[in-house]
Each structure stands twice: as C-alpha cells, then as structure tokens.
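Chain residues, written in single-letter form:
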Amino acid sequence: MDYALFLGCTVPARSLGYDISVRKVAKDLDINLIDVEGFSCCGFPTASIHRETSLALAAINLCLAEERNLNIITLCNSCTAYLTKVNMILKNNKETFEKVNEVLKANDLEFKGTIDVKHISRLLYEDIGTVKIEKTVKRSLDGIKVAPIYGCHYLKPSSIYNKFDDPEMPKSLDSIISATGATSLDFPEKILCCGGAILAIDENASMGMTHIVLDSVKSLEADAMATICPFCHLMYDEYQATIGNKYGKDYNIPSLFFSQLLGLAFGHEAKELGLKFNAVRTKNLVKKIMGGEQ
Amino acid sequence: MGEEREQEKGKKKSGEFQVITEDQLDPQFKYEIIKEPGGENFLRCMQCGTCTASCPVKAIDPDYNCRRIIRMALIGDKESVLKSKFIWMCSTCYSCYERCPQDVKITELMFALKNIAVKYGYIHPSIKAQLDLLEKFGALLEISEFENRMREKYGLPKINQSPEKVKKVLEKEKIKDVIEGDS
Ligand code: SF4
Ligand code: SF4
C-alpha cells in the first residue's frame, strides 16, 4: 500500500533515528512510504497565533497529498492531531472550507477532502495488524521490559480519532510492543504529557512534567521506553540527563522510537536503525536483545 | 483553604494576582470569547475544577490553574487574562478537554484566548520567533546542506525546503499586522 510520508519539521532535522527506522520497518511490513516534494509545517505552531493561518498551512499539505491521491502517514503526534483535525474541519464545515480555499488560491491549490491522515503507530495497529508484526519478528524481544509512551496528541482530542483507542487506557502501542515478544509495562503515567510543548515557554514546568514520567518508568525497572513522537523523544532521550541532574536522579533509561525497537525485533542491526543518534546509550539494551546471537 | 493558600503564593511569587476590582472588569469580554472559534462552549463552565485536577502543568507549577483562568475570563478580567503568561503555559495535552463534564473544550478555549491576546498585541516572544523561521524555511527547523549531507550518509532522501507556499499564506493572512495587534 502506498502512503505519503509526512515528516514534519522536527523529524528530518533532529530525529534521524526515527526517520531511518520507520522506513526500514515499513519496508518489512510492505508499506510503501512516498516522500512528497513541497510538504511544509503542519500548521500547528501557528494555531496559538492565528487560527485561520494555521488552517491554511495545514491545508497546503493535505492538498499536496490529495493531488497524488495518497493518504498521509505522520510520525509526530502534533502533526497527526493537527492535520487530522483540519482535514475533518474542512471536510465538514462549508464556511471554513470556502475561506481556506480562497487563501489557497494564492498557491494554486484547492482542498477537496479526498484523503485521510494516520499516525504510523495507528496504521500498524489498525491496518497492518499485530499478527503480521508477530510474523515479521525474527528476533524476539522476550524478556525485555518496555514502557510505552503515548504522548498526548496521538490519542487526544479523541473526538477526531474515531475511537481507534481509549484516551485514558490506551492499548494500541502496548499491543505493538507485545507483538515483538517484549513485555509492555502498564503504568498510569504512560498517557502523561512530556512537557515538550512548553519547553521554550517555561523550562521549569516542562522538565518537571518529564521527570514525573521518568521517575515512574525508573521505578518499574524498564529496560527501555518506546516513544512515538519526536517531542516526547526530545524530552525523554535528549534531555534525560539534564533533567536527571536537575532532580538529582540517575535515570539512564534507553529511550527508543518504537520503530527502532520494532527494527531490532525484525532482525536489523543497531546501526541500520539510527541508534547512534540516541542520546542515552542503547548498547547494553542491544546486547541484552542480541544475547542469544553472540 | 488550599486554594486560598495557593492564591497567596501566586501573589507573592509572580505578582500576577492582585485583588480584582469592578472597575477593571469588562462585561463584554465573555461575548468576545464565545465568538472566537474554540470559545463557543465557554459559558457552560460550572467551576467544578476537573480540568485543574487533570492538568499536568498544574501538577508542577501550582500557580498555573486553568479553572482560575476561566473564572477570570468569565468575570471579565480581560487585561489580566490576555497579558498573563499562563495562557501560553498550556501544553495542549487535552487531558482537561477529555474530562470536562460540561464539554467546555478548554484546550481549544486556550487557543481562542491566545488568538485574542495576539489581536491585542500580546504575543509570547518564543512563539513570535517561530513565525520568522516559518517564513524562512517553511518549517520550524532548517534543513541545511549539513543536515542533508547527514541524511544522505544514512540513506535518507534529501529535503529541499520550499517556504514559498507558506510565505504566500502568511502574506495573504497579513500575519505581520496580526502580531502587531493591528487586525
Ligand atoms: S472541568 Fe469544565 S466545567 Fe469543570 S471547571 Fe474545568 S472547564 Fe469548568
Ligand atoms: S490542555 Fe492545557 S489546561 Fe488542559 S490539562 Fe493540558 S496543560 Fe492543563
């Protein structure tokens, strides 16, 4: 199946491990991800400033995918929610539809409402299915304890997501993790906000939010965290040591993109999955996973 | 009791909260809010506090209290609300949105309040900085030669950032005037 791969702003610049591993894993699962020339910001960053502008910015991307007759697959939770939401508004609200199309004329684009948007994790859960994931596993992650990190906008607002998962007690990412043979840990903080969205506004509050989740994961003695959003990754991986210092904690929890974990389970080597871009070292984790092979 | 203590604390710490007197209230403010997309359900709030209890920002910073922001807006304390740093501190996690028994859609209400604040010339500097980046790169981060060389090295396709379409939208929406508070 062909899909338009929407990377957003952060992934192609700062989360190469996600970019690399998603493409690897998609191939293994017969998902054909197509890069679309001209994709730009999803619009979400301007939603705080001027709603109309942000709707039109989102619509640019929707239109480009429509022109190619491709559904969009997203990697970032915020891109997911925003493109999904705007797609829904424009499909259902005639007045907004007309307004936005008027703005889009400057770009010779027209929103028609012919495609859908999905996060890669939702695609795996809903369309590919855990049975196929299980069948693709070449190296079981049996014995590895993984803390699933859902982030916010992947599940919420639930009104735009057609009930594909429960926003309070989600299971989609858990079941993907379980399909690799790993143990998916159940803990209430797995749906908490990483704080990344307000890092530039209030560093103290932002990092405080991250540390609540890190504390919980640490207490569960998880071998790894699995994230599905570049902002969660930024907070739980890149900032993990900084936040540890701030709170006097030595976390040292490998924080992987869920696609990196899947890649390991599908038999790829660490270097094929961009693990060197992770800030918290993953060497011991990989060793534990490869255990039997060495 | 607990709340009172918090408010005292808020007063001391940030100086954000002063005693509110009638002459500073704008009774029209609430109508301005319900006209703004996202603010439609705002008058339904019954001050139950479920939102605040669900809020992860509040869990770290007790001065941040979304229920109080709603109350301040309801009574018409327009200036305090629009000037406040707090409206920019919502992490947009949608926890409150999911749980509010009155379907106030608080997260969307926060967006509405931010949009209104911008109209009056109050914008958080870090958000303003993002606009310049969008105009330059069509994205919040630049993909320069360096990033593209890195991408190539790892077998990733090159990215040609094309800000033209984004720029045209920003121009057409007169975003520069919007953030000056001229709209
Ligand atoms: S949860 Fe809803 S009704 Fe209750 S205080 Fe918050 S906004 Fe008001
Ligand atoms: S959406 Fe904003 S106000 Fe609501 S719980 Fe999350 S951070 Fe708090």
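This structure is a prediction, so every number in the text was calculated from the model and none was measured. (Residues numbered from 1 in each chain as written. Chains lettered and ligands numbered in written order. Predicted model: local features only at pLDDT ≥ 70, side-chain atom pairs only at ≥ 80, totals over all residues. Heavy atoms only, no water.)

**Re the overall build of chain A**
Link 1 in the chain: The helix and strand inventory of chain A stands at 13 helices and 8 strands.
Link 2 in the chain: The C-alpha atoms of chain A give a radius of gyration of 19 Å, which matches the 19 Å a tight globule of 294 residues would have.
Link 3 in the chain: Expressed along its principal axes, the backbone C-alpha trace of chain A runs to roughly 60 × 45 × 30 Å.
Link 4 in the chain: Buried residues in chain A amount to 65% of all 294 residues.
Link 5 in the chain: Sequence separation of 24 or more characterises 76% of the internal contacts of chain A that already satisfy a separation of 6 or more.
Link 6 in the chain: Carbon and sulfur atoms form 48% of the exposed surface of chain A, whose accessible area is close to 11,000 Å².
Link 7 in the chain: Here chain A carries 32 positive and 36 negative side-chain charges, and the mean point of each set is 3 Å from the other. (Helix = DSSP H or I, 4+ residues; strand = E, 2+ residues; numbered from the N terminus. Rg over C-alpha atoms; globule rule 2.2 N^0.38 Å. Buried < 20%, exposed > 50% of the residue type's maximum accessible area, 1.4 Å probe, protein only. Contact = heavy atoms within 4.5 Å. Areas by Shrake-Rupley, 256 points an atom, 1.4 Å probe, with all protein chains shown as cover. Lys, Arg positive; Asp, Glu negative; His and termini not counted. Charge placed at Lys NZ, Arg CZ, Asp CG, Glu CD.)

**Considerations on the site of ligand 1**
Link 1 in the chain: Among the 14 residues in the neighbourhood of ligand 1, the closest are listed as B:C45, B:C48, B:G49, B:C51 and B:C100.
Link 2 in the chain: Sorting the residues of the shell around ligand 1 by element identifies α3 (50-54) and α5 (66-75) of chain B as the ones contributing at least two each. (Near = heavy atom within 4 Å.)

**So, the site of ligand 2**
Link 1 in the chain: Around ligand 2, the neighbouring residues are B:C55, B:P56, B:V57, B:Y64, B:C66, B:C90, B:S91, B:T92, B:C93, B:Y94, B:C96 and B:T107.
Link 2 in the chain: Looking at side-chain class alone, the shell around ligand 2 contains 9 nonpolar, 3 polar and no charged residues. (Nonpolar A, V, L, I, M, F, W, Y, C, P; charged D, E, K, R; others polar.)

**Quick look at the domain arrangement of chain A**
All names here are of chain A.
Link 1 in the chain: Here the domain parsing of chain A yields domain 1 (2-119) and domain 2 (130-293).
Link 2 in the chain: For domain 1 and domain 2, the distance between their C-alpha centroids amounts to 24 Å.
Link 3 in the chain: Residue-level contacts link 26 residues of domain 1 with 30 residues of domain 2.
Link 4 in the chain: Here domain 1 and domain 2 share an interface that buries about 2,300 Å² over both sides, 69% of which is from carbon and sulfur atoms.
Link 5 in the chain: Interface area lost by domain 1 to domain 2 is led by Y18, L29 and N77, which between them contribute 23%.
Link 6 in the chain: The tally of links from domain 1 across to domain 2 stands at 2 salt bridges.
Link 7 in the chain: Between D30 and K132 there is a salt bridge; the shortest N-O distance is 2.8 Å. (Domains from an automatic or database assignment. Buried area = accessible area lost by both parts, 1.4 Å probe. Salt bridge = Lys/Arg side-chain N within 4 Å of Asp/Glu carboxyl O.)

**Some remarks on the interface of chain A and chain B**
Link 1 in the chain: Listed as interface residues are 58 residues of chain A and, on the opposing side, 55 residues of chain B.
Link 2 in the chain: Between chain A and chain B, roughly 4,700 Å² of surface is buried when both sides are summed, and carbon and sulfur atoms account for 66% of that area.
Link 3 in the chain: In terms of surface lost to chain B, no three residues of chain A exceed A:S48, A:I49 and A:I201, which account for 15% of the buried area on that side.
Link 4 in the chain: Where B:E108 meets A:K85, a salt bridge forms, and the shortest distance between an N and an O atom there is 2.9 Å.
Link 5 in the chain: Counting across the chain A and chain B interface gives 16 residue pairs in polar contact (both at pLDDT 80 or more). (Polar contact = N/O pair within 3.5 Å; in protein donor to acceptor, adjacent residues only side chain to side chain.)

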